[in-house]
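# Descriptive analysis of the structure
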Amino acid sequence: MVLGGALPPQVTGDNVITSQWCAQAKNKHSKAKKQKQPKKQKQKKAKTKKPKQPSSGTAVKPAATTSGSALAVSIPRGVANQVLQYQSIRVNFNPSLRIPNCVAYELTATMVDMADAPGHENRKNYNYARDPKVKECPENWEYRGSGYSRGHMAPAMDMRWDKTAMAQCFYMTNMCPQDTKLNNDHWRVLEEKVHRWAKRDKRILVFTGPIMGKSPKRIGKNKADIAVPDAFFKVLYAPDQGRAIAFIYPNQPCPGGIGKYAVTVAEVERRTGLTFSSDIPKRQCKVADWE
């Protein structure tokens, strides 16, 4: 056997020479082996940056999942309308009636979780306010003594997840004169159900507004400025489930369950003249599919 390129001495009993050769051969072989083997590269472990956790009380704005076109509503010809795009709600404001024609927004499960989490925005910290950018927006005091509540079309319950969203839902452009008992009872029950349904269905598009009579009662300056609706509608659409339903509540105390007031989206369009997105099923009216 050849090691290190030299022949070993004959085994003649000279153990010293044999040992010296073996040692030299071993050293040469070790050096050759080290030269052939590439040096191992030290691999640096990639550092993974942990996402920063929001500090207590910091609202993380959920990513938008619905385009503005899905929340757009077609207003009938001849009806005064001013589109106001706030952070979380789209208001079609009627400067002649001084109430909204329709208020639309998307409510996601993330928003609901944040709205219901400890430390959410408290409505007691917010006041009804005039939107300074809207000339015909009512003042807070114009509802006083009218016998009607300042009825949120987009409820504060759904906006507690963010300070700006909460403040803007208290603009008077989001209000209609609403029967106080309806506002505090059965209308609120419907709003609470929508809140829960959004969490279950991941997201819901919500459209709310007034249904006007031919000669509506007026309140406000000189008791002749702000129109009082005959009724209110709420249209709901769950895009992921392809499910829709609507409700119409008279502007008065409304006893009974929500099934009594359920209608199709087509019926709301007929009563108001509004046209909602063609993506929304117009003939569905099954409360059982929502409960």
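What counts and what doesn't
In every chain, residue numbers begin from 1 and rise along the written sequence. Local features in this predicted model are restricted to residues whose pLDDT is 70 or higher, and side-chain atom pairs enter the listing and the counts only when it is 80 or higher, whereas totals over whole chains, interfaces and linings include all residues. The side-chain quantities take in all heavy atoms of the structure and omit both hydrogens and water. Think of it this way: any DSSP run of H or I at least four residues long counts as a helix, any run of E at least two long counts as a strand, and we number them from the N terminus. Whether two residues are in contact is decided by their heavy atoms, any of which lying within 4.5 Å being enough. By this rule, a helix spans an expected 1.5 Å times one less than how many residues it contains. Exposure categories follow from relative accessible area, calculated using a 1.4 Å probe and restricted to protein chains: below 20% of the type maximum is buried, above 50% is exposed, and the middle band is partly exposed. By nonpolar core is meant a set of buried Ala, Val, Leu, Ile, Met, Phe, Trp, Tyr and Cys residues that side-chain atoms within 4.5 Å join together. What counts as a salt bridge is simple: a side-chain nitrogen of Lys or Arg found within 4 Å of a carboxyl oxygen of Asp or Glu. Pairing between strands requires that DSSP locate at least two bridges from one strand to the other. Where helices are involved, their axes are fitted lines through C-alpha atoms of the stretch in contact, as for all axes, and angles between N-to-C directions lie from 0 to 180°. As a per-residue quantity, pLDDT reports the predictor's confidence and falls between 0 and 100. By convention, a stacked pair of Phe, Tyr or Trp rings (six-membered ring in the case of Trp) has centres within 6.5 Å and planes under 30 degrees apart, an edge-to-face pair has planes over 60 apart, and any other such pair is tilted. To sit over a ring, a charge needs its Lys NZ or Arg CZ within 6 Å of the ring centre and within 35 degrees of the ring normal. A residue counts as positive if it is Lys or Arg and as negative if it is Asp or Glu; His and the chain ends are not included. For the purposes of these results, a polar contact is taken to be a pair of N or O atoms within 3.5 Å, where, inside protein, one atom must be able to donate a hydrogen and its partner to accept one; residues adjacent in sequence count only when each atom of the pair is a side-chain atom.

Next up on the list: the overall build of the protein. Counting its secondary structure elements, the protein contains 7 helices and 11 strands. Considering only residue pairs separated by 6 or more positions, the protein has 64% of its internal contacts joining residues 24 or more positions apart.

The subject of this paragraph is helix α6 (residues 186-201). Between its terminal C-alpha atoms α6 stretches 22 Å, which fits the 22 Å expected from 16 residues at 1.5 Å a residue. Within the sequence span of α6, burial applies to Trp187, Leu190, Glu191, Lys193, Val194, His195, Trp197, Ala198 and Asp201. Phi for Lys202, located one or two positions after α6, is positive at around 80°.

Another point: the nonpolar core. Counting residues in hydrophobic clusters, the biggest one holds 55 residues, and the most contacted among them are Ile89, Met159, Trp197, Ile204, Leu236, Phe247 and Tyr249. Looking at this core, the element that brings in the most residues is α6, giving 5 residues. Core analysis: the next-biggest nonpolar cluster, separate from the first, contains 22 residues, Val73, Leu205, Ala246 and Val268 among them.

A full pass over the atoms with the stated rule returns 13 salt bridges. Arg130 is the partner of Glu139 in a salt bridge, and the nearest nitrogen-oxygen pair spans 4.0 Å. On the basis of relative accessible area, Glu139 is assigned to the partly exposed category, the value being 29%. Residue classification places Arg130 among the partly exposed residues on the basis of a relative accessible area of 28%. Of the charged contacts in the structure, one is a salt bridge between Arg200 and Asp201, with a shortest N-O distance of 3.0 Å. Residue class for Arg200 comes out partly exposed when judged on its relative accessible area of 38%. Judged by its relative accessible area of 3%, Asp201 falls in the buried class. The network of salt bridges with shared partners includes Glu106, Arg203 and Asp240.

Another point: the pairing of strand β5 (residues 175-179). Along any regular strand, the residues point their side chains to alternate faces of the sheet. Taking burial as the measure, the 5 residues of β5 include 5 buried ones, the bulk of the element. Of the two faces of β5, the one lined by Met175, Pro177 and Asp179 and the one lined by Cys176 and Gln178 are each fully buried. In terms of strand pairing, strand β4 (residues 148-152) meets β5 through 5 bridges, oriented antiparallel. Directly across from Gly151, in β5, lies its bridge partner Cys176.

Turning to the sheet that holds strand β11 (residues 262-263), a few remarks are in order. The 7 strands are arranged β1-β2-β3-β6-β9-β10-β11 in an open sheet whose pairing can be described as antiparallel. The sheet terminates laterally at β1 (82-85) and β11, the two strands that pair on one side only. Sheet topology places strand β2 (residues 90-94) next to strand β3 (residues 99-108); 5 bridges connect them, and they run antiparallel. Opposite Val91, over in β3, you have Val103 as the bridge partner. Sitting on the sheet, helix α7 (residues 265-272) touches β6 (203-211), β9 (231-238), β10 (243-250) and β11, and the angle it makes with β10 is about 45°.

Averaged over all residues, the pLDDT of the protein is 85; the fraction at 70 or higher stands at 77%. Note on residues 1-26: pLDDT is under 50 here. Beyond four places in sequence and across chains, it has 10 contacts. Residue range residues 28-34 is modelled with pLDDT below 50. Its contacts to residues more than four positions away, or to other chains, number 1 contact.

Turning next to the packing of aromatic side chains. In total, this model carries 9 aromatic pairs according to the counting rule given. Plain terms: the ring middles of Phe233 and Phe276 are 6.2 Å apart, the flat faces sit at 70° to each other, and that makes the pair edge-to-face. Placement of the pair is Phe233 in strand β9 and Phe276 in the segment after α7, with a sequence separation of 43 residues. The exposure class assigned to Phe276 is buried, which follows from its relative accessible area of 3%. Relative to Tyr261, the ring of Tyr249 has its centre 4.3 Å away and its plane inclined at 25°; by these criteria the two rings are stacked. A residue pair is termed long-range when its members are at least 10 positions apart, and Tyr249 in strand β10 and Tyr261 in the loop between β10 and β11 qualify at 12 residues. Of the two residues, Tyr249 and Tyr261, neither departs from the other in class, the shared state being buried. Counting every residue linked through ring pairs, the aromatic cluster contains Trp187, Phe232, Tyr249 and Tyr261. Arg150 extends its terminal NZ or CZ atom over the ring of Tyr128, reaching a point 5.2 Å from the ring centre. The ring of Trp290 carries the charged tip of Arg243 above its face, separated from the ring centre by 4.5 Å.

Here we come to the side chain of Asp131. With respect to the secondary-structure elements, Asp131 resides in the loop between α3 (109-116) and β4. Despite its burial, Asp131 pairs with no opposite charge; the closest candidate is Lys133, at 6.4 Å N-O. A polar side-chain atom of Asp131 sits 2.5 Å from a polar atom in the side chain of Tyr86. One polar contact links the side chain of Asp131 to the main-chain amide nitrogen of Lys133, over a distance of 3.0 Å. Here Asp131 is in contact with Tyr86, Cys137, Tyr171 and Thr173, once residues within four sequence places are set aside.

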